[in-house]
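# Geometric and topological summary
The chain contents come next:
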Amino acid sequence: MSIYDYTLPKPDGSEVSLSEFKGKVLLIVNTATGCGFTPHYEPLEKMYEEYHDKGLEIIDVPCNQFREQAPGTDEEIHQFCTLKYNTQFPQYKKSDVNGENALPLFGYLKSQRGFEGFGKGPVALMMSQMLKKIPKDNPDIRWNFTKFVVDREGNVVARFEPTNDMKTVEECVASLL
């Protein structure tokens, strides 16, 4: 299978086929409105504004699996993001990214790019300590704002943990456009 064989649910219950994004660079991210990493919405929106016309699509999948940090309805989450961060990229239905109810897309993404650690620095160390019970070789998403980058050919080329610098994420995306 390829990334283009998957679909995503929209808040209205309809499905979007990722085949609609063939030829685009995708930045797929699981988000939450009540997380310490929620300010990532700001650089995500800036990237969207700068690169959307060059072929970037951001796929925002709210997720409430990590300490219930996305407790609102799809509409409440959308309102929060548009009012606080002026987001213009589409948000999909709040969904699981790990476990038996995870969207199949996230199973595919994790099979292509597993967890490689949180990196260095105080926040990375804190996240590593907090989640140390999860074996490092487990590819599951560890927290909100994990990002996957897909090139124009549909290859999952990078995975960024929430502790990664957003400038590094932007450099990766820009190099593919």
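Everything here concerns the structure above.
Thresholds, definitions, all that
- Residues numbered from 1 in each chain as written.
- Predicted model: local features only at pLDDT ≥ 70, side-chain atom pairs only at ≥ 80, totals over all residues.
- Heavy atoms only, no water.
- Helix = DSSP H or I, 4+ residues; strand = E, 2+ residues; numbered from the N terminus.
- Rg over C-alpha atoms; globule rule 2.2 N^0.38 Å.
- Buried < 20%, exposed > 50% of the residue type's maximum accessible area, 1.4 Å probe, protein only.
- Contact = heavy atoms within 4.5 Å.
- Areas by Shrake-Rupley, 256 points an atom, 1.4 Å probe, with all protein chains shown as cover.
- Lys, Arg positive; Asp, Glu negative; His and termini not counted.
- Charge placed at Lys NZ, Arg CZ, Asp CG, Glu CD.
- Pairing = 2+ DSSP bridges.
- Right-handed = clockwise from strand over helix to strand, strands pointing away.
- Phe/Tyr/Trp six-rings, centres within 6.5 Å; stacked < 30°, edge-to-face > 60°.
- Axes fitted to C-alpha atoms, helices over the stretch in contact; angles between N-to-C directions.

## Some thoughts on the overall build of the protein chain
Counting its regular elements, the protein chain contains 5 helices and 6 strands. Ordering the α and β elements of the protein chain from the N terminus gives β-β-β-α-β-α-α-α-β-β-α. A globule of 177 residues ought to have a C-alpha radius of gyration of about 16 Å, and the protein chain, at 15 Å, matches this closely. Counting only C-alpha atoms and orienting by the principal axes, one finds that the protein chain spans roughly 40 × 35 × 30 Å. Here the protein chain holds 177 residues, and the buried ones make up 49% of them. When contacts within the protein chain are restricted to residue pairs at least 6 apart in sequence, those whose partners lie at least 24 apart make up 70%. By element, 48% of the accessible surface of the protein chain is carried by carbon and sulfur atoms, the whole surface being about 8700 Å². The average position of the 20 basic charges and that of the 26 acidic charges among the side chains of the protein chain differ by 7 Å.

## Describing the pairing of strand β4 (residues 56–62)
Walk down a regular strand and you will see the side chains alternate between the two sheet faces. For β4, the tally of buried residues reaches 7 of 7 residues, placing the bulk of the element in the interior. Side chains of β4 alternate between two faces, with Leu56, Ile58, Asp60 and Pro62 and Glu57, Ile59 and Val61 buried alike. Pairing of strand β3 (residues 25–31) with β4 involves 7 bridges; the strand directions are parallel. Directly across from Thr31, in β4, lies its bridge partner Pro62. One crossover worth recording links β3 to the parallel β4 by way of helix α1 (residues 41–51), and it is right-handed.

## With respect to the packing of aromatic side chains
As enumerated under the stated definition, the model contains 7 aromatic pairs in all. Ring centres 6.4 Å apart and planes at 20° place the aromatic pair Tyr41 and Phe89 in the stacked group. Of this pair, Tyr41 sits in helix α1 while Phe89 is found in the loop between α2 (74–85) and α3 (104–112), placing the two residues 48 residues apart along the sequence. When sorted by exposure, Tyr41 lands in the same class as Phe89, which is buried.

## Quick look at unusual backbone geometry
Of note, the phi angle at Arg67 is positive, near 55°, even though the residue is not glycine. Residue Arg67 is classed as exposed on the basis of its relative accessible area of 59%. Backbone geometry at Phe145 places phi at a positive 70°, although glycine is not the residue there. Structurally, Phe145 is set in the loop between α4 (122–130) and β5 (147–150).

## A short note on the sheet that holds β4
Within the open sheet, the 4 strands sit side by side as β4-β3-β5-β6. Their pairing is mixed. In this open sheet, the two edge strands, each paired with only one partner strand, are β4 and β6 (156–160). Taken pair by pair, the neighbouring strands of this sheet meet at an average axis angle of 15°, ignoring direction. In the packing of α3 onto the sheet, contacts are made with β3, β4, β5 and β6, and the angle to β6 comes to roughly 95°.

## Quick look at the pairing of β5
Burial along β5 is two-sided: Lys147 and Val149 and Phe148 and Val150, pointing in opposite directions, are all buried. Pairing between β3 and β5: 4 bridges, direction antiparallel. Within β5, the position partnered with Leu26 by the bridge is Val150. Linking two consecutive strands that pair antiparallel, namely β5 and β6, is a turn of 5 residues; a positive phi of about 90° is found at Gly154 within it.

## Examining the environment of Val173
Among the structural elements, Val173 can be located in helix α5 (residues 166–176). The contacts of Val173, once residues within four sequence positions are left out, are Val25, Leu27, Met47, Leu56 and Val149.

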